[in-house]
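# A look at the structure
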Amino acid sequence: MQETTNLKKNMSVQACIEQVQKLVAVSYPCAKAYVHSFGCQLNVSDGEKIKGLLQSMGFSLTKTHEDADLIVFNTCAVRESAEDRVYGMLGVIKKYKETHPRTILILSGCMGSEPKTLQKIRAHYSFIDILMGTASIGELPRLLAAYYDTKKFVYDMDSTAMPSEQMQQIRTSCFKASVPIMYGCNNFCTYCIVPYVRGRERSRKPEVILEEVKALIADGYKEIMLLGQNVNSYGKDLEQSISFSELLQQLNQIEGEFIIRFMSSHPKDATPELLDTILSCEKIGKHLHLPVQCGSDAILSAMNRRYTVAQYLKIVAYLRERQPDFSLSSDLIVGFPNESEADFQGTLDLIQRVQYDNLYTFIYSKRSGTKAAEMPDATTDAEKRIRMERLLTLQREIATKHYRRFIGKMMRVLVEGESKRGDGWLFGKSNEAIIVEFLGDRSLIGTFVTVLITESKNWAVSGRLIEHERKEA
Ligand code: SAM
Ligand code: SF4
Ligand code: F3S
């Protein structure tokens, strides 16, 4: 979608940044901005770019909307509940704006590229000042300059442009960094809104990604999370031909102690070359997030996933033949239109066979504009909820047994923070993307440690700290 109001297209983005800077300095001394990102890591990464732009225009960042002169809701549209949450929170902001009328409210993210959002704003949410699509982030200075000029609602709902490489990010973590390697999606799974709000696949150039990762490692980052809706099709749209495996191999050559993770991988594009790369490159986490969505061929076909259960299991077998305890996680949708008890049983069988370490499970949510929204559905919501409970119960049983395989093993862990257990317990993520808890000093946060695993639960393991990062030993 490329709908836009008449922006300051005659001015460069830099000129708009300077214009807003001056205006902010005069009218909003100590201007503060609050950015709230919903949804996936890609959206959070976009939120970090929005923060970077706002800072370049003179705003400092605040952690609550309550003292903000500018509020950004960077939204997610993947499920009905995600949108409801945003509309619920907008009610709170409406009240805030009644007492702070000069505060600017911006709606960005995936809802910002949905045509129905514009209609809703016009009909019910006229207190929103700026609407910005997923590919319009670079236009923020123009939108703000135009808004300051007219004090009237402005919008740019683009979802198709290639984001500028010049945008600085304000990263939340100083040791974990998300690096989008591509934008958009070509797959049109019939339940999914993402291709409509994020546009077609656009890969970033490999040399730009390599430079960014090198700079991050030089700055002390320890985890690089490569992001894309289907990283396995990375590079297919570039003139210079490069596959995702080749990109991974190049990143693996960068010197330094760090771990590379990535998501998401579409099973239809998971080649043996990619699997071999994951298994053989020492800096790549020994884990694959491989969303299966369901365990019935009929439903997979209705979802337009373009693989069968047998093909999916072949990928799992390839990995497990070479590394029997290889860690897998997945996304699953329960209650896709007309999912029968037999289809659902197929999903239960599949999770039993694969033995996932982690599952992200969702009850199907109807998204207007997608093909599945037109499909008849005889299964009741109550039945879908019961199926979800059955699925979660089985997964808890599987994970309880499956996590025991780590007991007695040494795990390399990137320490992420203090555990909710308190009393000196820390937590981190292992190479296999397993949550590991252990007793240790806070100073270890952001470093690699080795932990001997002594106990397991169905969502984490715990153990004894054996070794700190080499630089401290
Ligand atoms: N591109 C990723 C992939 O294909 O694996 C997924 C991205 S999507 C933002 C994350 C997950 O949300 C999907 O894997 C799917 O399980 C879930 N999802 C997407 N649309 C949904 C819907 N309409 N209802 C329920 N879950 C949905
Ligand atoms: Fe949505 Fe499918 Fe694209 Fe993932 S691959 S973003 S589920 S359309
Ligand atoms: Fe992500 Fe939600 Fe958009 S999951 S891509 S923020 S619809």
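This write-up is about the structure you can find in this document. (Residues numbered from 1 in each chain as written. Chains lettered and ligands numbered in written order. Predicted model: local features only at pLDDT ≥ 70, side-chain atom pairs only at ≥ 80, totals over all residues. Heavy atoms only, no water.)

### Quick notes on the overall build of the protein
Formally: Where helices and strands are cited, they refer to DSSP runs of H or I of at least four residues and of E of at least two residues respectively, numbered from the N terminus. Relative accessibility decides the category of a residue: with a 1.4 Å probe and only protein chains considered, values under 20% of the type maximum give buried, values over 50% give exposed, and everything between is partly exposed. Note on contacts: a residue pair qualifies if any of its non-hydrogen atoms lie within 4.5 Å across the two residues. A 1.4 Å probe and the Shrake-Rupley method give the accessible areas. Residues count as covered only by the protein chains that appear here. Charge counting follows a simple rule: Lys and Arg are positive, Asp and Glu are negative, and His as well as the terminal groups are ignored. Throughout, a charge is located at the NZ atom of Lys, the CZ atom of Arg, the CG atom of Asp or the CD atom of Glu.
Check the secondary structure of the protein and you find 13 helices and 19 strands. Reported as C-alpha extents along the three principal axes, the dimensions of the protein are approximately 65 × 60 × 50 Å. Across the 473 residues in the protein, those meeting the buried criterion constitute 56%. Long-range pairs, those at least 24 residues apart, make up 74% of the contacts in the protein with a sequence separation of at least 6. Summed over its atoms, the accessible surface of the protein is roughly 20500 Å², and 52% of this surface lies on carbon and sulfur atoms. In the protein, which carries 60 positive and 58 negative side-chain charges, the distance between the mean positions of the two groups comes to 2 Å.

### A closer look at the packing of helix H9 (residues 272–280) against helix H11 (residues 309–322)
When two helices pack together, their arrangement is given by the angle between their axes and by how far apart the axes lie. Under the convention used in this document: Angles shown run from 0 to 180 degrees and are taken between the N-to-C directions of axes, each axis being a line fitted to C-alpha atoms and, for helices, limited to the stretch in contact. Crossing handedness is read from the near helix: turned anticlockwise from the far helix by less than a right angle, it gives a left-handed crossing, and turned clockwise, a right-handed one. Gly is placed with the polar residues, together with every amino acid not listed as nonpolar (Ala, Val, Leu, Ile, Met, Phe, Trp, Tyr, Cys and Pro) or charged (Asp, Glu, Lys and Arg).
Here H9 crosses H11 at 30°, and the two axes come no closer than 11 Å. Regarding H9 and H11, the two cross each other, and that crossing is right-handed. Contacts between H9 and H11 pair Pro 272, Leu 275, Asp 276 and Leu 279 from the former with Ile 315, Tyr 318, Leu 319 and Arg 322 from the latter. In terms of residue class, the contact of H9 with H11 is made up of six nonpolar, no polar and two charged.

### Quick word on the state of the cysteines
Put simply, the test is: Cysteine sulfur atoms that pair up within 2.5 Å are treated as a disulfide.
Enumeration according to the criterion identifies zero disulfides in this entry. Cysteine Cys 294 is unpaired, with the sulfur of Cys 189 as its nearest cysteine sulfur at 11 Å. With a relative accessible area of 1%, Cys 294 lands in the buried category.

### Brief notes about the sheet that holds strand E2 (residues 60–61)
Inclusion rule: Two strands form a pair only when DSSP identifies at least two bridges running between them.
The six strands are arranged E2-E1-E3-E4-E5-E6 in an open sheet whose pairing can be described as parallel. Looking at strand neighbours, the two that pair on one side only are E2 and strand E6 (154–156), the edges of this open sheet. Of the strands in this sheet, strand E1 (32–37), strand E3 (70–75) and strand E4 (104–109) touch helix H3 (residues 80–99), which is tilted by about 175° from E3.

### A closer look at the site of ligand 1
Definition in use: Here a residue counts as near a molecule or strand whenever at least one of its heavy atoms sits within 4 Å of it. Throughout this description, a polar contact denotes any pair of N or O atoms lying within 3.5 Å of each other; where both atoms belong to protein, one of them has to be capable of donating a hydrogen while the other can accept it, and for residues adjacent in sequence the pair is counted only when both atoms sit in side chains.
As a structural note, the neighbourhood of ligand 1 is formed by 16 residues, with Gln 229, Pro 291, Gln 293, Asp 331 and Ser 365 the closest of them. In this structure, Asp 331 approaches ligand 1 through a side-chain N or O atom, which is 2.6 Å from an oxygen atom. Contact with the protein chains covers 91% of the free accessible surface of ligand 1, which is 570 Å². Contributing elements (two or more residues each) for the shell around ligand 1: strand E13 (327–334) and strand E14 (358–363). Classifying every residue of the shell around ligand 1 gives eight nonpolar, four polar and four charged.

### Here's the deal with helix H8 (residues 244–252)
Going by this rule: The arc in question is traced by the directions running from the helix axis to the C-beta atoms.
Residues of H8 that are buried include every one of Phe 244, Ser 245, Leu 247, Leu 248, Leu 251 and Asn 252, and no others. End-on view of H8: buried residues confined to an arc of 160°, all on one side of the axis. Of the surrounding secondary structure, the elements contacted by the buried residues of H8 are helix H7 (206–218), strand E10 (223–227), strand E11 (259–263) and H9.

### Concerning the pattern of salt bridges
Condition: We define a salt bridge as a side-chain nitrogen of Lys or Arg found within 4 Å of a carboxyl oxygen belonging to Asp or Glu.
All chains considered together, the criterion is met by 29 salt bridges. For Arg 405, the salt bridge goes to Asp 357, with nearest N and O atoms at 2.6 Å. Taken together, the positions of Arg 405 in the loop between helix H13 (381–402) and strand E15 (410–418) and Asp 357 in the loop between helix H12 (341–354) and E14 put the pair 48 residues apart, joining distant regions of the chain. Comparing Arg 405 with Asp 357 shows no difference in burial state: the two are buried.

### Topic: the side chain of Thr 379
Along the chain, the position of Thr 379 falls in the loop between E14 and H13. Assessed through its relative accessible area of 14%, Thr 379 is described here as buried. A polar contact of 3.4 Å, which involves the side chain of Thr 379, links it to the backbone oxygen of Glu 339. In this view, Thr 379 contacts Asn 338, Glu 339, Lys 384 and Arg 387; residues no more than four positions away in its chain are not counted.

### Regarding the sheet that holds strand E7 (residues 176–180)
Read across the open sheet, the three strands follow the order E7-E10-E11; overall the sheet is parallel. Looking at which strands have only one partner, the edges of the open sheet turn out to be E7 and E11. Strand-to-strand twist in this sheet, taken as the mean axis angle between neighbours without regard to direction, amounts to 25°. In this sheet, E10 lies alongside E7 in parallel orientation, the contact comprising five bridges. What sits directly across from Lys 176, in E10, is Glu 223. Packed onto the sheet, helix H2 (residues 41–56) meets E7, E10 and E11 and runs at close to 95° relative to E7. Contacts from H7 reach E7 and E10 within the one sheet, and its direction differs from that of E7 by about 175°.

### Points about the site of ligand 3
Taken together, Cys 40, Asn 43, Cys 76, Ala 77, Val 78, Cys 110, Arg 198 and Gln 229 form the complete shell of residues around ligand 3. Partitioning the shell around ligand 3 into residue classes produces five nonpolar, two polar and one charged.

### Describing the environment of Ile 104
Summarising the element assignment, Ile 104 is placed in strand E4. In this structure the C-alpha to C-alpha distance between Ile 104 and Ala 68, which are 36 residues apart in sequence, comes to 8.8 Å. Ignoring anything within four residues of it in the chain, the contact list for Ile 104 reads Tyr 28, Asp 69, Leu 70, Ile 71, Asp 129, Ile 130, Leu 144, Tyr 147 and Tyr 148.

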